[in-house]
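# Per-entry structural report
This is what each chain is made of:
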Amino acid sequence: MESPGALAEIMRLRNGLGATILTLTGAVVAGGIAVTPAVGAAMVATIAATGAGNVINDIIDRPVDLVNRPDRPLPRGAVSSTEARALGGALVVIALTATLILPPLAIGIAAVNLVLLGTYTQWFKGRVLVGNLLVGWLTGSTVLFGAAAVGTVGPVIAVLSVMVIGATVSRELIKDIEDAAGDAAEGLQTAAIVWGRRRAVQAAMAAAIMSVATSSGPVLLGVYGNAYLVIIVIADGLLLRAVWQARTDAGEAQQAVKRAMYVAMVAFWVPVAITVF
């Protein structure tokens, strides 16, 4: 192993923290700002499960990453296959253990997602749109998981989950464009390869528009007001601009989609914070 940092890298620790923020957001929106054992366990389970999924993905995807991502830990030799398998197994155990103290609905979501994480790369990743939709569900369901951890899944949580799913599917389609060369070499049938760049961008825009259209839900439901509206309009604009950018620069566009998602999370936090403070 090159360094302990290589283990954090193969886990995609930053992505795991992002997923954990989504779990925390679901818990906060559903149950308010409160530190409880259930919320802590849900956050630990999320970051461990996300890390495990990324490690498993890299183990299976090593030949593709030699072309698309040669700087990742496994292709460059910073982490051995044995070390990666041990890390992935340990993270699965941590995720399962943390989930056991949660309510049944949260346990059910976690169980389904762990199975999907384990089968994604081998069975679903190389299929047109299927893999994109699966990653969208895995990301959006972290919000449901956080809400289920505190026992409440209401309309606003459903809206937030659909928003995250739409934005994530959009980002995954853009990533397909960025990775087209390596994916084609491995015989994968992604949207960018089968449909071409133009149609893949159109599909990404359709998913983004779904997210944007759904974002008005909390206002229409009378749950959130102007503070939410101002921030979510900014987030929606950033999302649509990011997808448009994918026509010429897929790498920057998929990062911009991620930034837009973080702004959208702020929109959900602000109304909760206002009621508390």
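This write-up is about the structure you can find in this document.

Looking now at the overall build of the protein chain. For the protein chain, the helix and strand inventory stands at 15 helices and zero strands. In terms of overall size, the protein chain behaves like a compact globule, its C-alpha atoms giving a radius of gyration of 18 Å where 277 residues would be expected to give roughly 19 Å. Overall, the protein chain is about 50 × 45 × 30 Å in size when its C-alpha atoms are taken along their principal axes. Here the protein chain holds 277 residues, and the buried ones make up 49% of them. For the protein chain, the computed accessible surface area is about 12,300 Å², with 67% contributed by carbon and sulfur atoms. Considering the protein chain, the positive charge centre built from 18 side chains and the negative charge centre built from 16 side chains are found 4 Å apart.

This part covers the packing of helix α2 (residues 13-31) against helix α9 (residues 155-178). Running from N to C, α2 and α9 point in directions that differ by 160 degrees, and their axes come no closer than 10 Å. On the basis of their axis angle, the class for α2 and α9 is roughly antiparallel. The two elements α2 and α9 cross, and the hand of that crossing is right-handed. Residues L22, T25, G26, V29 and A30 of α2 form the contact with α9, whose own contacting residues are V156, I157, L160 and V164.

Moving on, we come to the pattern of salt bridges. Tallying each qualifying case throughout the model produces five salt bridges. Between R72 and D58 there is a salt bridge whose closest N-O contact spans 3.7 Å. Here R72, found in the loop between α4 (62-68) and α5 (73-76), pairs with D58, found in helix α3 (residues 37-60); they are 14 residues apart in sequence, far enough to count as distant. Take R72: its relative accessible area is 18%, and that puts it in the buried class. Measuring nitrogen to oxygen at the nearest pair gives 2.5 Å for the salt bridge that ties E252 to R259.

This part covers the packing of aromatic side chains. For the structure on display, the rule yields three aromatic pairs. Where Y224 meets F268, the ring centres are 6.0 Å apart and the plane angle is 75 degrees; that geometry is what we call edge-to-face. Of the two residues, Y224 sits in the loop between α13 (217-220) and α14 (226-245) while F268 sits in helix α15 (residues 250-276), which places them 44 residues apart along the sequence. The burial state of Y224 is the same as that of F268; both residues are buried. Three or more aromatic residues joined by ring pairs make a cluster, and in this case those are Y224, Y228 and F268.

All right, on to α14 then. Spacing of three or four residues puts side chains on the same side of an α-helix, whose turn is 3.6 residues. With 20 residues, α14 extends 29 Å from end C-alpha to end C-alpha; this agrees with the ideal 28 Å at 1.5 Å per step. Buried residues of α14: Y228, I231, I232, A235, D236, L239, A242 and V243, and no others. Relative to the axis of α14, the buried residues are bounded by an arc of 145 degrees and lie together on one face. Set apart from the buried face of α14 by more than 90 degrees, the exposed residues are N226, V230, R241 and W244.

Before going further, it helps to spend a moment on unusual backbone geometry. A positive phi angle, close to 55 degrees, is found at R12, a residue other than glycine. Take R12: it is sitting in the loop between α1 (4-10) and α2. The backbone of L129 shows a phi angle near 70 degrees, a positive value even though the residue is not glycine. In this structure L129 comes out as partly exposed when scored by relative accessible area, which is 27%.

Quick look at the side chain of D58 now. Judged by relative accessible area, which is 1%, D58 ranks as buried. Apart from residues lying up to four places away in sequence, D58 is in contact with I10, R12, D65, R72 and L74.

Before going further, it helps to examine helix α6 (residues 81-99). Along its 19 residues, α6 runs 27 Å from first to last C-alpha, staying within 8% of the 27 Å computed at 1.5 Å per residue. Buried within α6 are the following residues: A84, L87, G88, L91, A95, A98 and T99. Buried positions in α6, seen along its axis, are confined to an arc of 100 degrees and lie on one side of it. Seen from the open side of α6, the exposed residues pointing more than 90 degrees away from its buried face are T82, A86 and V93.

Under the definition given, this model contains one cavity of 30 Å³ or more. The volume enclosed by the largest cavity comes to roughly 110 Å³. Together, M163, V164, A167, S211, I232, A235, D236, L239, A260, M261, A264 and M265 line the largest cavity.

Criteria and thresholds
Residues numbered from 1 in each chain as written. Predicted model: local features only at pLDDT ≥ 70, side-chain atom pairs only at ≥ 80, totals over all residues. Heavy atoms only, no water. Helix = DSSP H or I, 4+ residues; strand = E, 2+ residues; numbered from the N terminus. Rg over C-alpha atoms; globule rule 2.2 N^0.38 Å. Buried < 20%, exposed > 50% of the residue type's maximum accessible area, 1.4 Å probe, protein only. Areas by Shrake-Rupley, 256 points an atom, 1.4 Å probe, with all protein chains shown as cover. Lys, Arg positive; Asp, Glu negative; His and termini not counted. Charge placed at Lys NZ, Arg CZ, Asp CG, Glu CD. Axes fitted to C-alpha atoms, helices over the stretch in contact; angles between N-to-C directions. Parallel < 35°, antiparallel > 145°, perpendicular 65-115°, else oblique. Left-handed = near helix turned anticlockwise from the far one by under 90°. Contact = heavy atoms within 4.5 Å. Salt bridge = Lys/Arg side-chain N within 4 Å of Asp/Glu carboxyl O. Phe/Tyr/Trp six-rings, centres within 6.5 Å; stacked < 30°, edge-to-face > 60°. Expected span 1.5 Å × (residues − 1). Arc of directions from axis to C-beta. 1 Å grid on protein atoms, 1.4 Å probe; cavity = no way out; pocket = protein on both sides within 12 Å on 5 of 7 lines; lining within 4 Å. Points joined across faces, edges and corners; volume = space filled by probe spheres on them.

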